[in-house]
Amino acid sequence: MTRNQANAVNFDRTGQPNIIAIKTASGYAIATDGDASIGRQAATFAGGSIDLNRDGKKELIFVNDRQTVEVLDGASGQSEALTLKDTAAMTVAGMSFTPIRIGDRQGPAFHVANIYEGQQPQGNQMAPIQASDSKTGSQKFAPSSLVPGDDHDDSDQAPADLLLAYDQQTGSIIDLANAGLQEDGREWSWGSAAGDLNGDGLDDLVITHGLLPSTPYPCGIRLLIQQENGAFTPVTGMSGLNTKGLCARSAVLDDLDGDSDLDLLVSSGLELQIFENKTNKPPANEAPIWQGKIRGFLSQPRM
């Protein structure tokens, strides 16, 4: 079986292995990571395949929970992992996989939204949080590394979102972000989407973040515009985007009204909101043009 594209990655927290739909010459086949040839077993929240090093062979990528990201080399038939360097080699509580083109780099990159629980004002004594409303649903939530008795060592966890790419000189995966995607120390990132929001031909980045409105991790949306040098600049006023209390967990960019620019959709898992992009001018300090009750999360990895 030739593996040339992973189309879905799923993990059951009861301990079941990843389930991967793999495109073959004769259609789609189902494989699990119980096979040694498909990487290590892990709690995988997102993943996909892109040709990171432009050798014509797609790498298979797993974004894992409390482990490092795993990048399986396409040239090896996706049986060997590429080396991760520096912050790229730190563990993540990864929640999304979003391919993105960065400046004039030879190959693409991908964004990893990372739940980072550090710098919590109450130290390691956070009690379970009770939430009950129409926008978040009813739940009890206690970040595990902030609860007494937690057995996770988070000292090697990446302190911010990652932007991972292949470095031709070292032949390894490096982090281009260098903690530069976090605005004002915001943490607890969930989902992301990439696309050209302002019509300059460069991919920009939308990141949803936050836990609940009443916690030290307030909900919001970061929108970052890519510059010609590959750096990202936050859109002024985006933090004031009126989500009406919605805690967005995922995002998608698409031209919904046919005016040739990308509009923004965000979902909490229980509710969907749509923000209009007005002639390549990303929305800021605006309310959604539509919202409604829709269960499910948004996903749009593409390259």
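Enquirer: Can you explain the overall build of the chain? Please cite residues and give values.
Expert: The helix and strand inventory of the chain stands at 0 helices and 21 strands. Within the chain, the fraction of its 303 residues that count as buried is 51%. Across the chain, the fraction of contacts at a sequence separation of at least 24, relative to all contacts at a separation of at least 6, is 50%. Accessible surface for the chain amounts to roughly 13900 Å². Of this, 46% is attributable to carbon and sulfur atoms.

Enquirer: Summarise the pairing of strand β4 (residues 44-50); cite the residues concerned and give the values.
Expert: Each regular strand carries side chains that alternate between the two faces of the sheet. Most of β4 is tucked away, with 6 of its 7 residues classed as buried. Of the pairings in the sheet, the one linking β4 to strand β5 (residues 59-67) comprises 6 bridges and is antiparallel in character. When the sheet's bridge partners are listed, Ala46 is paired in β5 with Val63.

Enquirer: Can you tell me about the pattern of salt bridges, naming the residues and giving the values?
Expert: The tally for this structure, following the rule as stated, stands at 2 salt bridges. For Asp161, the salt bridge goes to Arg222, with nearest N and O atoms at 3.0 Å. Here Asp161, found in the loop between β11 (137-141) and β12 (162-167), pairs with Arg222, found in strand β16 (residues 220-226); they are 61 residues apart in sequence, far enough to count as distant. The pair Asp161 / Arg222 is uniform in exposure class, with both members buried.

Enquirer: Can you break down the nonpolar core residue by residue, with the values?
Expert: It is characteristic of soluble globular proteins that their nonpolar side chains tend to be buried jointly. Membership of the largest hydrophobic core comes to 19 residues, with the highest contact counts inside it found for Leu52, Ile61, Val69, Val71, Phe110, Leu164 and Ile173. Residue assignment for this core shows that the elements contributing at least two residues are β4, β5, β9 (109-112) and β12. Among the elements that line this core, the one with the most residues is β12, at 3 residues. Apart from residues no more than four positions distant in its own chain, Ile61 is found in contact with Ala46, Gly47, Gly48, Ile50, Leu52, Val69, Glu70, Val71, Phe97 and Phe110. Membership of the second largest hydrophobic core comes to 15 residues, among which are Leu197, Val206, Ala251 and Leu264.

Enquirer: An account of the sheet that holds β12 is requested, with residue identities and associated values reported.
Expert: Sheet architecture is open: 4 strands sit in the order β8-β9-β12-β13, paired in antiparallel fashion. Each edge of the open sheet carries a strand with a single partner, namely β8 (98-100) and β13 (172-175). Across the sheet, the mean angle from the axis of one strand to that of its neighbour is 35°, orientation sign disregarded.

Enquirer: An account of the pairing of β9 is requested, with residue identities and associated values reported.
Expert: In β9, alternate side chains face the same way, and those of Ala109 and His111 on one face and Phe110 and Val112 on the other are all buried. Across 3 bridges, the pairing between β8 and β9 is antiparallel. Opposite Thr98, over in β9, you have His111 as the bridge partner. Bridge count between β9 and β12: 4 bridges; the pairing is antiparallel. Each residue of the ladder has a partner; that of Phe110, found in β12, is Leu164.

Enquirer: Pulling in residues and values, what's your account of the packing of aromatic side chains?
Expert: The final tally for this structure, using the stated rule, is 1 aromatic pair. Taking the centre distance of 5.4 Å and the plane angle of 45° together, the rings of Phe97 and Phe110 count as tilted. In this pair, Phe97 sits in the loop between β7 (92-93) and β8 while Phe110 sits in strand β9, placing the two residues 13 residues apart along the sequence. On the basis of relative accessible area, Phe110 is assigned to the buried category, the value being 0%.

Enquirer: Tell me about the state of the cysteines, and please be specific about residues and values.
Expert: Within the structure shown, the criterion is met by 1 disulfide. Each disulfide pairs two cysteine sulfurs, and for Cys219 the partner residue is Cys247, the sulfurs being separated by 2.0 Å. Here Cys219 and Cys247 share a disulfide; its torsion about the S-S bond, 85°, makes the bridge right-handed. Of this pair, Cys219 sits in the loop between β15 (204-209) and β16 while Cys247 is found in the loop between β17 (232-234) and β18 (250-254), placing the two residues 28 residues apart along the sequence. The exposure class assigned to Cys219 is partly exposed, which follows from its relative accessible area of 24%. A relative accessible area of 1% means that Cys247 is categorised as buried.

Enquirer: Could you give me a rundown of the side chain of Glu59, with the residues and numbers involved?
Expert: By secondary structure assignment, the location of Glu59 is in strand β5. An unpaired buried charge is present at Glu59: no salt bridge exists, and Arg54, the closest side chain of opposite charge, is 8.9 Å distant. At a separation of 2.8 Å, a polar atom in the side chain of Glu59 contacts the main-chain amide nitrogen of Gly74.

Cut-offs applied
- Residues numbered from 1 in each chain as written.
- Predicted model: local features only at pLDDT ≥ 70, side-chain atom pairs only at ≥ 80, totals over all residues.
- Heavy atoms only, no water.
- Helix = DSSP H or I, 4+ residues; strand = E, 2+ residues; numbered from the N terminus.
- Buried < 20%, exposed > 50% of the residue type's maximum accessible area, 1.4 Å probe, protein only.
- Contact = heavy atoms within 4.5 Å.
- Areas by Shrake-Rupley, 256 points an atom, 1.4 Å probe, with all protein chains shown as cover.
- Pairing = 2+ DSSP bridges.
- Salt bridge = Lys/Arg side-chain N within 4 Å of Asp/Glu carboxyl O.
- Core = buried A, V, L, I, M, F, W, Y, C linked by side-chain atoms within 4.5 Å.
- Axes fitted to C-alpha atoms, helices over the stretch in contact; angles between N-to-C directions.
- Phe/Tyr/Trp six-rings, centres within 6.5 Å; stacked < 30°, edge-to-face > 60°.
- Disulfide = S-S within 2.5 Å.
- Lys, Arg positive; Asp, Glu negative; His and termini not counted.
- Polar contact = N/O pair within 3.5 Å; in protein donor to acceptor, adjacent residues only side chain to side chain.

So, to be careful, I would describe these as geometric facts and stop short of saying anything about function.
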